[in-house]
Amino acid sequence: MRFLWPELLWLLLALPLLAAAYLYALKRRKRAVVVYPNLALARSAVGPTQKIRRHIPPLLCWLALGAALFACARPSATVTLPADTLTLVLAMDVSRSMEASDVKPTRLTAAQEAARQFVDGLPSSVRLGIVSFAASATVVQPPTEDHRDMLDAIDRFELQTGTATGSGLILALSTLLPADRADLDALLLNDPFSSFGLGAAAAPLGKAGPVEAARKREEERPPAEPGSYRNGAIILLSDGRRTTGPDPMTIARMAAKRGVRVYTVGFGTPQGGSGGGTTSSAGPDGWSYFMQLDETTLRAIAKLTGGEYYQAGSAGDLTKVYSNLTTRFSLERRDTEISALLAGVAGVLLLLACILSIKWFRR
């Protein structure tokens, strides 16, 4: 628990002083002598219950004052609350290695079915955008709340050669943060693999002005606290290692600088594809594709951005991962000031003390 005005906690010292004053007042009252003709009758009239009752209203008032003084320091706590409107971007690997049959019937088919279940479990407050990537990246579905559009986009996945993880990640980032799209594109214009569907044509190699300006803005951008961006996140699923495109760690640093969390999912069996090695022939074209997970990079991306890494070796594992993510985005933990709650507690305690005092003692 944190306090916005911690110096006001000194006010709590008034509580033990008030308790001491109350005990002193009781002690003074005992000095008063009252003469009863029958002492046993007086004792039975007061009784043990009556002795306890007389202390309850003052105790409730004392607790109410404590809650009110505590609220003055403006405490904040990490609580689990229903998520506000969020925008998620799912970046899905559609490289040829997704044809591997180590996950039945194929990696791609299993991933599509798990993604459909993920969509079905999303709350209405979540908008989902979908990006697919292989040697290039494409926005398959801009962020939307329409589950039918999401499902149709998942059905449109088409396998391609190459695995440009960095391309998929930067396109997902620009989809989540459209205001930064121009800079994210310009930073990679001088890279031969940078033309991957961000909506702008690659600039001539000699035209470095926009690139330098964007790089300068990126260097001067104050880094945000990891995971501090609360309006959305990226889910990156890949079954292999990068073979082309920009370095995904470079893009991950850009995401971390903006406080965007990236949750990474490594999909497929640890030994790789059906061939059991790092590469396997996947398809009639005779090409060889990397099929073994690059868990090191996926873990590093998640750690750098404040997200989490999940390993899914089967269709069932992937479904569980998506179910976990659905719960995470439906309910989120965040720092919330609880001063109003404590003030409400103080009011209830004070009201209860007044009611009991009137009921029991008519005062």
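Residues numbered from 1 in each chain as written. Predicted model: local features only at pLDDT ≥ 70, side-chain atom pairs only at ≥ 80, totals over all residues. Heavy atoms only, no water.

Q: Mind showing me how you'd approach the packing of helix α9 (residues 248-257) against helix α10 (residues 295-305) here?
A: Relative placement of two packed helices is described by the angle separating their axes and the distance separating the axes. The contact between α9 and α10 brings their axes to 9 Å, and the two run at 15 degrees. Compared by their axis directions, α9 and α10 come out roughly parallel. Helix-helix and strand crossings are classified by hand; for α9 and α10 the assignment is right-handed. Residue-level inspection shows Pro248, Met249, Ala252, Arg253, Ala255 and Ala256 of α9 in contact with α10, the latter providing Thr297, Ala300, Ile301, Leu304 and Thr305. Class assignment of the residues belonging to the contact of α9 with α10 gives a composition of 8 nonpolar, 2 polar and 1 charged. (Axes fitted to C-alpha atoms, helices over the stretch in contact; angles between N-to-C directions. Helix = DSSP H or I, 4+ residues; strand = E, 2+ residues; numbered from the N terminus. Parallel < 35°, antiparallel > 145°, perpendicular 65-115°, else oblique. Left-handed = near helix turned anticlockwise from the far one by under 90°. Contact = heavy atoms within 4.5 Å. Nonpolar A, V, L, I, M, F, W, Y, C, P; charged D, E, K, R; others polar.)

Q: For this particular structure, what's the right way to read empty space enclosed by the protein?
A: Here the idea is plain: a probe the size of a water molecule rolls over the atoms and shows the empty space left. Considering all chains together, one arrives at 1 cavity of 30 Å³ or more under this definition. In this structure, the largest cavity encloses a volume near 40 Å³. Along the walls of the largest cavity sit Thr165, Gly240, Arg241, Arg242, Pro248, Asp294, Thr297 and Leu298, which together make up its complete lining. Classifying every residue of the lining of the largest cavity by side-chain character gives 2 nonpolar, 3 polar and 3 charged. (1 Å grid on protein atoms, 1.4 Å probe; cavity = no way out; pocket = protein on both sides within 12 Å on 5 of 7 lines; lining within 4 Å. Points joined across faces, edges and corners; volume = space filled by probe spheres on them.)

Q: What is the right way to look at the side chain of threonine 326 in this model?
A: Structurally, threonine 326 is set in helix α11 (residues 315-330). Side-chain polar atoms of threonine 326 contact the backbone oxygen of tyrosine 322, separated by 2.8 Å. Setting aside its immediate chain neighbours within four residues, threonine 326 contacts Phe118, Gly121 and Leu122. (Polar contact = N/O pair within 3.5 Å; in protein donor to acceptor, adjacent residues only side chain to side chain.)

Q: In this structure, what is going on with the packing of aromatic side chains? I would like to understand it.
A: Here the distance between the centres and the angle between the planes together describe a pair of aromatic rings. All told, the structure shown has 2 aromatic pairs when counted by the stated rule. Summarising the aromatic geometry, the rings of phenylalanine 3 and phenylalanine 70 are spaced 5.4 Å apart at their centres and angled 85 degrees between planes, so their arrangement reads as edge-to-face. Here the residue phenylalanine 3 occupies a position in strand β1 (residues 2-3), and phenylalanine 70 occupies one in helix α3 (residues 56-72), the gap between them amounting to 67 residues. On the basis of relative accessible area, phenylalanine 70 is assigned to the partly exposed category, the value being 24%. Over the aromatic face of tryptophan 5 sits the side chain of arginine 74, whose NZ or CZ is 4.9 Å from the ring centroid. (Phe/Tyr/Trp six-rings, centres within 6.5 Å; stacked < 30°, edge-to-face > 60°. Buried < 20%, exposed > 50% of the residue type's maximum accessible area, 1.4 Å probe, protein only. Lys NZ or Arg CZ within 6 Å of the ring centre and 35° of its normal.)

Q: What is the right way to look at the sheet that holds strand β6 (residues 232-238) in this model?
A: Read from one edge to the other, the open sheet built from 6 strands follows the order β5-β4-β3-β6-β7-β10, with strand pairing classed as mixed. Edge positions in the sheet fall to β5 (137-144) and β10 (309-312), since each has one partner strand and no second. Averaged over all pairs of adjacent strands, the angle between their axes in this sheet comes to 15 degrees, without regard to strand direction. Pairing of strand β3 (residues 86-93) with β6 involves 6 bridges; the strand directions are parallel. Within the sheet, the bridge partner assigned to leucine 90 lies in β6 and is isoleucine 235. (Pairing = 2+ DSSP bridges.)

Honestly, it's all geometry; don't read function into it.
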